[in-house]
Amino acid sequence: MDTEKFKRDHGDIMAHVTQLKKFTQAGIVENADAIAKQIVAMSSVIKLHLAAEDRVLYPALAKSADPDIARVGKEFQQNMGDIAAAYMKFASSWNTGKKVSEDPDGFRIEANSTLKALHQRIQMENNELYPLADKI
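In this text the structure is predicted, and so the values were computed from the model without any measurement.

### Comments concerning the UniProt feature "domain: Hemerythrin-like" (unreviewed entry) in the protein
Argument step 1. Sequence positions flagged by UniProt for "domain: Hemerythrin-like" (unreviewed entry) are, in local numbering, residues 3-133.
Argument step 2. Strand forms 0% of residues 3-133 and helix 89%; the C-alpha atoms that close the span are 7 Å apart.

### As for the pattern of salt bridges
Argument step 1. Considering all chains together, one arrives at eight salt bridges under this definition.
Argument step 2. Arginine 71 is paired through a salt bridge with aspartate 68; the nearest N and O atoms lie 3.9 Å apart. On the criterion of helical spacing, the pair formed by arginine 71 and aspartate 68 is a turn pair, its members being three residues apart in helix α3 (residues 67-93).
Argument step 3. A residue is classified by how much of its surface remains accessible, and arginine 71, at 40% relative accessible area, is partly exposed.
Argument step 4. Between glutamate 110 and lysine 89 there is a salt bridge, and its shortest N-O distance comes to 3.9 Å.

### Points about the nonpolar core
Argument step 1. Judged by nonpolar contacts, the single largest core of 35 residues is most densely connected at Ile39, Met42, Leu57, Phe90, Phe107, Leu115 and Leu129.
Argument step 2. Excluding residues that lie within four positions of it along the chain, leucine 57 makes contacts with Met1, Phe6, Ala52, Leu129, Tyr130 and Ala133.

### Quick word on helix α5 (residues 104-133)
Argument step 1. The first and last C-alpha atoms of α5 sit 40 Å apart over 30 residues, in line with the 44 Å expected at 1.5 Å per residue.
Argument step 2. Where α5 bends most, at glutamate 125, the angle is about 40°.

### A short note on the packing of aromatic side chains
Argument step 1. Using the criterion set out here, one finds four aromatic pairs in the structure.
Argument step 2. Ring geometry for tryptophan 94 and phenylalanine 107: centres 5.5 Å apart, planes at 80°, overall edge-to-face. Taken together, the residues span a long stretch of sequence, with tryptophan 94 in the loop between α3 and α4 (97-102) and phenylalanine 107 in helix α5 at a distance of 13 residues.
Argument step 3. Since its relative accessible area comes to 6%, tryptophan 94 is described here as buried.
Argument step 4. One aromatic cluster is present, formed by Tyr87, Phe90, Trp94 and Phe107 through successive ring pairs.

### Side note on the environment of alanine 60
Argument step 1. Positionally, alanine 60 belongs in helix α2 (residues 32-62).
Argument step 2. Between the alpha carbons of alanine 60 and alanine 133 there is a distance of 7.9 Å; along the sequence they are 73 residues apart.
Argument step 3. Beyond its immediate chain neighbours, meaning those up to four positions away, alanine 60 contacts Met1 and Ile136.

Rules behind the numbers
Residue numbers here run from 1 along each chain, matching the order of that chain's written sequence. Thresholds applied to this predicted model are a pLDDT of at least 70 for local features of residues and 80 or more for the giving and counting of side-chain atom pairs; totals over whole chains, interfaces and linings are not thresholded and use all residues. Hydrogens are left out, water is left out, and the side-chain values use all remaining heavy atoms of the structure. UniProt positions are given in the numbering used here, feature names are shortened, and annotations may be inferred rather than shown by experiment. Helix and strand definitions follow DSSP, with helices as H or I runs of at least four residues and strands as E runs of at least two, each counted in order from the N terminus. Salt bridges are counted wherever a side-chain nitrogen of Lys or Arg sits within 4 Å of a carboxyl oxygen of Asp or Glu. Whether a residue is buried, partly exposed or exposed follows from its accessible area with a 1.4 Å probe, protein chains only, as a fraction of its type maximum: under 20%, in between, or over 50%, in that order. As used in this record, nonpolar core signifies buried Ala, Val, Leu, Ile, Met, Phe, Trp, Tyr and Cys residues forming a set joined through side-chain atoms within 4.5 Å. Should any heavy atoms of two residues lie within 4.5 Å, those residues are considered in contact. For a helix, the expected span equals 1.5 Å multiplied by the number of residues minus one. Two axes are fitted around each residue, one to the seven residues ending there and one to the seven starting there, and the angle between them is reported as the bend at that residue. Any Phe, Tyr or Trp ring, taking Trp's six-membered ring, that has another such ring centre within 6.5 Å forms a pair; planes under 30 degrees apart are called stacked, those over 60 apart edge-to-face, and the others tilted.

Shown next, in the form of structure tokens:
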């Protein structure tokens, strides 16, 4: 299976995260609208990426002749639910400049934890899951 599109999506998502960090470091209140727009844009990429994984990647892994690959794919799919739900909650909490500017400390705390979990998940997929998928 060719995982290049999934890897490109991860690159796009991490580019959004990098831009969010820049806006945040330059001032949350001052950049609240730009932060919210970046979150909305990143959410679109994430939703499409998750849909493609559910439609293509996980079914392919489940059909693998190698039981270890099928097992790991199932574990990754099950674990993704919590991360996806946490991200979607984060995105809906901070999708307008008004929400961000009214609670900059809350935004910073939630962004740090959510984006850290997202980054860790991307690294795990790139380093563990996609190499397995490339074998099928």
